[in-house]
Amino acid sequence: MTDRRLAEQVALVVGAGRGIGRAMALALAGAGAKVLVTARTRDEVEETAEFARGVALVGDAADPGHARAAVGRAIRLHGRLDLLVCAAGRLGAVGPLSLTDPAQWWRDVEVNLRSAMQFTREALPYMTERGQGRVVYLAGGGGPYLTAYGVAKQGLSFLARSVDEEVGKSGVRVFELFPGTVDTRLGRRFAESEEAKLWLPGLVASVTARRAGPEAAATAVVRLAAGELDHLAGGLVRADALDEG
């Protein structure tokens, strides 16, 4: 349903080829926003863009050049960027730190955290100049045997709080959004891995039992874009608890 508050907005969704990122992009487009979407897999991101009547940008979220090019494309096409959603995710380094491949560990951090920093860094000058804009990061967990993912997600939490404090007076708002326990390909691939079955059997069982879709997260990002939740800027927004007040 079109929302007049989003009718002129321009949104860039990073990691929108599938899963939560795609659901968010489609919800934003359905509410009336002009949407640009990025992902590594060409056919997936182009399909999302087709459904969203938007623009597909193929590239690695962790590549600084891709962040610069994607934000620049939004500005050239529309002259503004109102919403940046950082939904790119990876969970490849599973197991004890002493047995973890350092390259896989750092790649998780790059995709989950570095990409968000880079896209934010590129987007903020345009947002602060106009005195408005919103940035959304996807929150997550972590813990023993998932140190890279946990470090990245904790880093996003600190990034959201810190950057919101930096730019809040300019009118820009930064949020950390927890999407809830959503059934995604990322989660399924994790649950099917031998490392996860060996080191985290309880979490595998939990992930396998998940059946929830991304609807709550998609609804939440539309509400964030519309400004309904600006009072929660700098903190954690739980998509699965919004209806509870």
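Here, every reference points to the structure presented above.
These figures come from a predicted structure and were not determined experimentally. (Residues numbered from 1 in each chain as written. Predicted model: local features only at pLDDT ≥ 70, side-chain atom pairs only at ≥ 80, totals over all residues. Heavy atoms only, no water.)

## Re the packing of helix α1 (residues 19-30) against helix α2 (residues 42-52)
In contact at an axis separation of 9 Å, α1 and α2 are set at 20° when each is read in the N-to-C sense. By the angle class used here, α1 and α2 are roughly parallel. Both α1 and α2 take part in a crossing whose hand is right-handed. Contacts between α1 and α2 involve Arg22, Ala25, Leu26 and Ala29 from the first element and Glu44, Glu47, Thr48, Phe51 and Ala52 from the second. Tallied by class, the residues present in the contact of α1 with α2 amount to five nonpolar, one polar and three charged. (Axes fitted to C-alpha atoms, helices over the stretch in contact; angles between N-to-C directions. Helix = DSSP H or I, 4+ residues; strand = E, 2+ residues; numbered from the N terminus. Parallel < 35°, antiparallel > 145°, perpendicular 65-115°, else oblique. Left-handed = near helix turned anticlockwise from the far one by under 90°. Contact = heavy atoms within 4.5 Å. Nonpolar A, V, L, I, M, F, W, Y, C, P; charged D, E, K, R; others polar.)

## Description of helix α9 (residues 215-225)
Residues of α9 that are buried include every one of Ala217, Ala218, Ala220, Val221, Val222, Leu224 and Ala225, and no others. Close packing links the buried residues of α9 with α1, β4 (83-86), β5 (133-138), β6 (172-178) and β7 (236-238). Downstream of α9 by one or two residues, glycine 227 has phi in the positive range, about 90°. (Buried < 20%, exposed > 50% of the residue type's maximum accessible area, 1.4 Å probe, protein only.)

## Thoughts on the packing of helix α4 (residues 102-130) against helix α5 (residues 147-167)
Two packed helices can be described by the angle between their axes and the distance between those axes. Their axes nearest at 8 Å, the elements α4 and α5 cross at an angle of 15°. Accordingly, the angle class assigned to the pair α4 and α5 is roughly parallel. Relative to α5, α4 is oriented so that their crossing is right-handed. Contacts between α4 and α5 pair Trp105, Asp108, Val109, Asn112, Leu113, Ala116, Met117, Thr120, Leu124 and Thr128 from the former with Thr147, Ala148, Tyr149, Val151, Ala152, Lys153, Gly155, Leu156, Leu159, Val163 and Val167 from the latter. Residues of the contact of α4 with α5, tallied by class, amount to 14 nonpolar, five polar and two charged.

## What to know about the environment of valine 85
Take valine 85: it is sitting in strand β4. Owing to a relative accessible area of 0%, valine 85 belongs among the buried residues under this scheme. Measuring from C-alpha to C-alpha, the distance between valine 85 and methionine 24 comes to 8.6 Å, with 61 residues separating the pair along the chain. What valine 85 contacts, discounting residues up to four positions off in sequence, is Leu12, Val13, Val14, Met24, Val136 and Val221.

## Here's the deal with the pattern of salt bridges
Using the criterion set out here, one finds 17 salt bridges in the structure. Its salt-bridge partner being arginine 5, residue glutamate 228 comes within 2.9 Å of it at the nearest N-O pair. Separated by 223 residues along the polypeptide, glutamate 228 in the loop between α9 and β7 and arginine 5 in the segment before β1 (10-14) bring together distant segments of the chain. On the basis of relative accessibility, which here comes to 33%, the residue glutamate 228 falls in the partly exposed class. One salt bridge in this structure joins glutamate 8 and lysine 34, with 3.9 Å as the shortest N-O distance. Of this pair, glutamate 8 sits in the segment before β1 while lysine 34 sits in strand β2 (residues 34-39), placing them 26 residues apart in sequence. Given a relative accessible area of 52%, glutamate 8 falls into the exposed group. The class for lysine 34 is partly exposed, based on a relative accessible area of 33%. Among the charged side chains, a salt-bridge network with shared partners connects Asp3, Arg5, Arg223 and Glu228. (Salt bridge = Lys/Arg side-chain N within 4 Å of Asp/Glu carboxyl O.)

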